[in-house]
Amino acid sequence: MSISVLRSIHVYPLKAARGHAARQAVVEPWGLAGDRRWVLIDETGKVITQRSHPRIALAAAEPQPGGGLLLSGPGCEPLAVAVPEPIGTTTVEMPRDKVEGVPADAAAHAWFSEYLGVNVRLMHLDDPATRRPLDPEYARPGETVSFADAYPLLLTTVASLDALNSLIARGDRPGEGPLPMNRFRPNVVVDGTEAWAEDAWPRIAIGEAAFRIAKPCGRCVVTTTDQDTAERGGEPLRTLGRHRRFGGKLVFGQNLVPESLGTVRVGDPVRILK
């Protein structure tokens with residue numbers, strides 16, 4: 001029985017940069033096709049995101065045929081970046097693990113270094129099928145993930161955002177709301193549910209694909225970053241801390257792991273599975 005529909009799809013070719021909406025997307029074992037296959041690292045190999053550099057939010061990395069990117073951002077000329085040949089890898093230090101990536105060309109490193117004002121390198125994940133296993137606590141043998149924080153997809157719901165914005169409006173700083181969904185950087189947004197219904201879902205099907213719910217998504221300072229200005233406030237973390245604190249984490253949305261593959265399309269029915 002259909003309980004809801006897929007409201008929108010969002011792909012983030014470069015981790016932490018501006019995402020783009022899609023009418024449909026192919027679900028691969030490690031996430032949506034083209035999602036978070038690129039990442040920035042500093043001179044020590046540590047990943048660079050909006051946590052430390054909120055200005056990344058204003059950079060666009062539009063996908064190009066063949067998997068490349070077209071970079072653009074305030075004050076910078078656009079730059080086309082090709083997928084690099086996998087002739088050597090560099091270790092990318094993620095928050096919880098390390099993964100090998102392939103460096104882009106020097107022009108891409110220079111473009112982002114100038115844009116951010118710090119020396120960074122642009123890296124590509126050449127083989128998502130083997131490079132980065134999922135957290136074994138929530139994974140099955142052979143499951144992998146891209147440069148996403150930890151899981152292949154992130155799901156949010158319209159009803160839960162509405163409920164959160166209602167709580168923000170009743171708080172001590174109502175002027176910071178209502179917040180748009182892009183603060184949470186989801187891959188799939190579901191409409192037609194009750195608020196927080198996703199907390200109880202064990203597995204779901206969206207169109208042709210099926211997913212299991214791995215765990216709720218713990219939120220960080222990125223959610224306080226206005227994705228259109230790169231300015232930061234106190235919400236939604238202040239309100240999540242009061243109303244959505246579970247196991248020491250401030251929770252909004254659910255992490256998904258694909259169980260069967262296919263194409264998902266805006267308007268697809270969403271079903272709860274046992």
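Trainee: Whenever I open this one, the pairing of strand β14 (residues 188-191) confuses me. Can you help?
Mentor: Two faces belong to every sheet, and in a regular strand the side chains alternate between them. Pairing of strand β1 (residues 4-11) with β14 involves four bridges; the strand directions are antiparallel. Within the sheet, the bridge partner assigned to Ile9 lies in β14 and is Val188. Two strands pair when backbone bridges link them, and strand β13 (residues 153-157) and β14 are joined in this way by three bridges, in the parallel orientation. Residue pairing in the sheet places Leu155 in a bridge with Val188 of β14. Each parallel crossover has a hand, and the one from β13 via helix α2 (residues 158-169) to β14 is right-handed.

Trainee: Would you mind showing me how to read the side chain of Arg219 here?
Mentor: With respect to the helices and strands, the residue Arg219 is situated in the loop between β16 (209-218) and α3 (237-243). For Arg219, which is buried and forms no salt bridge, the nearest opposite charge comes from Asp149, at a distance of 7.3 Å. Here the side chain of Arg219 touches Phe252 through a polar contact of 2.8 Å, landing on its backbone oxygen. Every residue in contact with Arg219, bar those within four places of it in the chain, is listed here: Leu154, Phe184, Leu237, Leu240, Leu250, Val251 and Phe252.

Trainee: Is there a simple way to explain the environment of Thr49 in this structure?
Mentor: With respect to the helices, strands and loops of the structure, Thr49 is situated in the loop between β6 (47-48) and β7 (60-63). In this structure, the C-alpha to C-alpha distance between Thr49 and Lys15, residues 34 residues apart in sequence, is 7.1 Å. In this structure the side chain of Thr49 is engaged in a polar contact, spanning 3.1 Å, whose partner is the backbone nitrogen of Arg51.

Trainee: Any chance you could explain the pattern of salt bridges here in plain terms?
Mentor: Opposite charge on two side chains allows them to pair when their charged atoms are near. All chains considered together, the criterion is met by 16 salt bridges. One salt bridge connects Asp228 with Arg18, and the closest N-O pair in it is separated by 3.6 Å. Separated by 210 residues along the polypeptide, Asp228 in the loop between β16 and α3 and Arg18 in the loop between β1 and β2 (20-22) bring together distant segments of the chain. Assessed through its relative accessible area of 31%, Arg18 is described here as partly exposed. A salt bridge links Arg238 to Glu235; its shortest N-O distance comes to 3.7 Å. Arg238 sits in the partly exposed class, given a relative accessible area of 23%. Judged by relative accessible area, Glu235 falls into the buried class, the value being 1%.

The rules behind each value
- Residues numbered from 1 in each chain as written.
- Predicted model: local features only at pLDDT ≥ 70, side-chain atom pairs only at ≥ 80, totals over all residues.
- Heavy atoms only, no water.
- Pairing = 2+ DSSP bridges.
- Helix = DSSP H or I, 4+ residues; strand = E, 2+ residues; numbered from the N terminus.
- Right-handed = clockwise from strand over helix to strand, strands pointing away.
- Buried < 20%, exposed > 50% of the residue type's maximum accessible area, 1.4 Å probe, protein only.
- Lys, Arg positive; Asp, Glu negative; His and termini not counted.
- Salt bridge = Lys/Arg side-chain N within 4 Å of Asp/Glu carboxyl O.
- Polar contact = N/O pair within 3.5 Å; in protein donor to acceptor, adjacent residues only side chain to side chain.
- Contact = heavy atoms within 4.5 Å.

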